[in-house]
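Examining the three-dimensional arrangement
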Amino acid sequence: MSHSETTASADPSSAWFSVRRGILNLLSLLAIVIVGLSLSSSWFQPPPQTQLDLLQTDLALQASRTLDDPRYQDLARALLGQDVFKVAQNRYQQTADNYAERLKRLKRLARLTPAGESEAASPELAQSPEVDPALLASMQDLQTELDALWLRLGLLYAYQEDLEAARQQWQQIIDLERPVELESSQKGAARVLQGLWGTPRRILPEAEVQIRNHLDGWFEAVALQQLYRLQQRSDSLNALNQQQEKLALAALFRLAVVGGIPVLGALLGLMLLLGWLGWSLWRKRPLLGSAWEVPWPGIGAQAVLTGWFLGFIALNALVPRLYIIILGLGARQLSPWQQAVALFLTYNSGALLGAGLLYRLLHAYPGWQRVLQVRLWGPWLLWGLCGYWVALPLVVLAAALSQLLLPQAGGGNPILPLLLDSHGWGARLVFLAVVSVCAPVFEEVLFRGFWLPTLSRHLPMGAAIVLSAFTFALAHLNLSDLLPLTMLGVVLGVVYSHSRNLLAPILLHSLWNTGSLVTLLVLGGAR
């Protein structure tokens, strides 16, 4: 819009202004409804912290052999504790119970399990006209995840010689009353494990193939050890044990990296935070920067955010489908590399849309460069680095509070499963480009460079930082991430309010995302 058009439209008596404002308010309301629906639907998804906890548990199990090695025993005891298998069993049991409850809620939504009745589901699940296909797909994915948990939990019980509990876990996968649509490929592996630990012991055909296809890490090794003992394959058993000893040592050092560096970083961040607060109070310096003089109107900012969000939602559905059509493949046939490219195209199409909307508004207002400032010189590097360390303990605290207040909250970063399934560095570099470059640049321009200064024009600086951070968190559409991302957004806002240079929050955001990506790669080494 031109400057003259904006001035004319700002006249409250203008009928066209009233119509445009009404349409914009309706679209904004639609965006709010979509956010609410997305947050509510994320309630049924496994929370990302649960997945990360299981990855760390798998890594601890893989490293458990080092508890008997005198060379690494002290480090292993410090990192693993003495009862690593009982801890792993409890964590897997809690996660399985959590998933089972989520599946039960989905069945109630699908009207398969009325409230207060047993969970017996109709064998004619797909024939029911009341079952939404998307809901059915969610139930199938969740059932597959739950079967994988039961498979591993049974192995934990079997390893601790609680064979009855192990058989109960595996029997849940083989359940004959389960609807055909909710059956998973884990059934064959469950029968193989029941045979290996049954009375009498039985070795089913293709037992090794089933184990290798459905298990990994420590769980795969335990199942193969039992199989090789029964087959009396001493050479294979010795080779497997030697391989596991090497993997155990690697897993121990991975745990040291994952557990040690964040703790040291959090301690450093806490010291920096306390030192900065003390210095600011002693020197009587304001804890927050001053408000910006913003030349564009609030209705323009509302239009940009609403247009970007609705457009991003539409592109998020459209771009992957077009990509799949061009490749001539199904959604489940994409390789990790193709999935990474799809993510890159989807995110950047939304970023280009946002950049276009920002340019269309800002170019009509001279002086916008004084708000969205980028300067190569100045203390932005110090602000970005120190802000990253300070964010560590604060976000960890917010995540703990989120788990306390919303223990059943779901959601999570969609990159997590894609990253864990990728084994080549080509796909990982594309993921790195998205999360460490594209996302920090665009999101900081939008939420800190544009939205935060706009809010500071109408609200006190503290309220503007909190509201911009909350908007930033809402845009990720994950209930479990809401509090941690809001806290991260607050730190980013404080850094930008003082540095007055977008490079500072961009650096902080990039370091945060890169650190999360590296942590996932290190934890994924258990598999």
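Rules used throughout
- In this numbering scheme, every chain counts its residues from 1 along its sequence in written order.
- Given that this is a predicted model, residues contribute local features only at a pLDDT of at least 70 and side-chain atom pairs are listed and counted only at 80 or more, while totals for whole chains, interfaces and linings are drawn from all residues.
- In computing side-chain values, all of the structure's heavy atoms are included and hydrogens and water are not.
- The way it works is that DSSP assigns letters per residue, a run of H or I at least four long becomes a helix, a run of E at least two long becomes a strand, and they are numbered from the N terminus.
- The buried label applies to any residue whose accessible area, calculated with a 1.4 Å probe on protein chains only, is under 20% of its type's maximum; exposed applies above 50%, and partly exposed to all values in between.
- Contacts are residue-level and defined by heavy atoms, with any inter-residue pair within 4.5 Å sufficient.
- Residue-level accessible areas treat just the shown protein chains as cover; the underlying method is Shrake-Rupley with a 1.4 Å probe.
- For this document, the term salt bridge refers to a Lys or Arg side-chain nitrogen within 4 Å of an Asp or Glu carboxyl oxygen.
- In plain words, nonpolar cores are sets of buried Ala, Val, Leu, Ile, Met, Phe, Trp, Tyr and Cys residues tied together by side-chain atoms within 4.5 Å.
- Whenever a helix is involved, its axis is fitted only over the stretch in contact; in every case the axis is a line through C-alpha atoms, and angles between N-to-C directions fall within 0 to 180 degrees.
- An angle counts as roughly parallel when it lies under 35 degrees, as roughly antiparallel when it exceeds 145, as roughly perpendicular when it falls between 65 and 115, and as oblique in every other case.
- In a left-handed crossing the near helix is turned counterclockwise from the far helix by less than a right angle, and in a right-handed crossing that turn is clockwise.
- By the convention adopted, Pro, Cys, Tyr, Trp, Phe, Met, Ile, Leu, Val and Ala count as nonpolar, Lys, Arg, Asp and Glu as charged, and the other residues, Gly among them, as polar.
- Each residue carries a pLDDT value, the predictor's own confidence for that position, ranging from 0 to 100.
- In this analysis, the expected span of each helix is defined as 1.5 Å times one less than the number of residues it contains.
- A residue's bend is the angle separating two fitted axes: one through the seven residues that end there, the other through the seven that start there.
- Between rings of Phe, Tyr and Trp, where Trp is taken as its six-membered ring, a pair exists when centres lie within 6.5 Å; planes separated by under 30 degrees are stacked, by over 60 edge-to-face, and by other angles tilted.
- Consider the ring centre and the ring normal. A charge sits over the ring if Lys NZ or Arg CZ is within 6 Å of that centre and within 35 degrees of that normal.

Once that is clear, we can look at the overall build of the protein. Scanning the protein from N- to C-terminus turns up 19 helices and 0 strands. Among the 527 residues that make up the protein, the fraction classed as buried is 46%. Once local pairs closer than 6 in sequence are excluded, the contacts in the protein between residues at least 24 apart make up 76%. About 26,400 Å² of surface is accessible on the protein, with carbon and sulfur atoms providing 63% of the total.

The subject of this paragraph is the environment of L508. Topologically, L508 is positioned in helix 19 (residues 503–523). The exposure class of L508 is buried, given its relative accessible area of 0%. Sequence separation between L508 and W380 is 128 residues, and the spatial gap between their C-alpha atoms is 9.9 Å.

Going through the model one piece at a time under the given rule, you end up with 8 salt bridges. Where R212 meets E208, a salt bridge forms, and the shortest distance between an N and an O atom there is 3.2 Å. Of this pair, R212 and E208 are both found in helix 9 (residues 207–214), 4 residues apart, which corresponds to roughly one turn of the helix. Through salt bridges with shared partners, a single ionic network connects E208, R212, E220 and R233.

Membership of the largest hydrophobic core comes to 61 residues, with the highest contact counts inside it found for L155, W170 and L193. Ignoring any residue separated from it by four or fewer positions in sequence, one finds W170 in contact with W150, L151, G154, L155, A158, A190, L193, Q194 and W197. By size, the runner-up hydrophobic cluster in this structure holds 57 residues, among which are A301, Y347, C438 and Y496.

In this section: the packing of helix 14 (residues 380–405) against helix 19. The geometry of helix 14 relative to helix 19 is characterised by a closest axis approach of 8 Å and an angle of 45° between their N-to-C directions. Our classification of the angle between helix 14 and helix 19 gives oblique. Read as a crossing pair, helix 14 and helix 19 show a hand that is right-handed. Every residue of helix 19 that contacts helix 14 at W380, L381, W383, G384, L385, G387, Y388, A391, L392 and V395 is listed here: L503, A504, L507, L508, L511 and W512. In terms of residue class, the contact of helix 14 with helix 19 is made up of 14 nonpolar, 2 polar and no charged.

Summarising the element assignment, G367 is placed in the loop between helix 13 (336–362) and helix 14. In the structure, G367 is positioned 72 residues away from P295 in sequence and 7.1 Å away in space, judged by C-alpha atoms.

Turning next to the confidence of the model for the protein. In the predicted model, the protein carries a mean pLDDT of 85, and 87% of its residues have values of at least 70. Contacts from residues 1–10, a stretch scored under 50 in pLDDT, to residues over four places away or in other chains number 14 contacts. Of the regions scoring below 50 in pLDDT, residues 113–124 engages in 13 contacts with residues more than four places distant in sequence or in other chains.

Once that is clear, we can look at helix 12 (residues 298–327). The α-helix advances 3.6 residues per turn, and as a result positions three or four apart in sequence lie on the same side. Helix length check: helix 12 (30 residues) gives 43 Å between terminal C-alpha atoms against 44 Å at 1.5 Å per residue, within 8%. Where helix 12 bends most, the angle comes to about 30°, and this point is L315. Looking one or two places after helix 12, you find G328, whose phi comes out positive at around 70°.

On to the packing of aromatic side chains, then. Scanning the entire structure with this criterion turns up 17 aromatic pairs. Geometrically, the ring pair formed by Y92 and F219 is edge-to-face, given 5.5 Å between the ring centres and 70° between the ring planes. Separated by 127 residues along the polypeptide, Y92 in helix 5 (residues 84–109) and F219 in helix 10 (residues 217–231) bring together distant segments of the chain. F219 carries the same exposure label as Y92, and that label is buried. Arranged with centres 5.5 Å apart and planes meeting at 35°, the rings of W308 and F312 form a pair that is tilted. With W308 and F312 both in helix 12 and 4 residues apart, this pair spans about one turn of that helix. An aromatic cluster is present here, built from W308, F309, F312, Y347, F442, F447 and F472 joined pairwise through their rings. A cation sits over an aromatic face here: R152 above F219, 5.8 Å from the ring centre. Lying across the ring of W292, R500 places its NZ or CZ 4.0 Å from the centre.

This part is about unusual backbone geometry. Between T199 and the following residue, P200, the backbone shows a cis peptide bond with an omega angle of 0°. Mapped onto the fold, P200 is located in the loop between helix 8 (186–196) and helix 9. Even without glycine at this site, E206 takes up a positive phi of about 60°. Among the secondary structure elements, E206 is positioned in the loop between helix 8 and helix 9. If you check the backbone angles, Q232 has positive phi at about 55° while not being a glycine.

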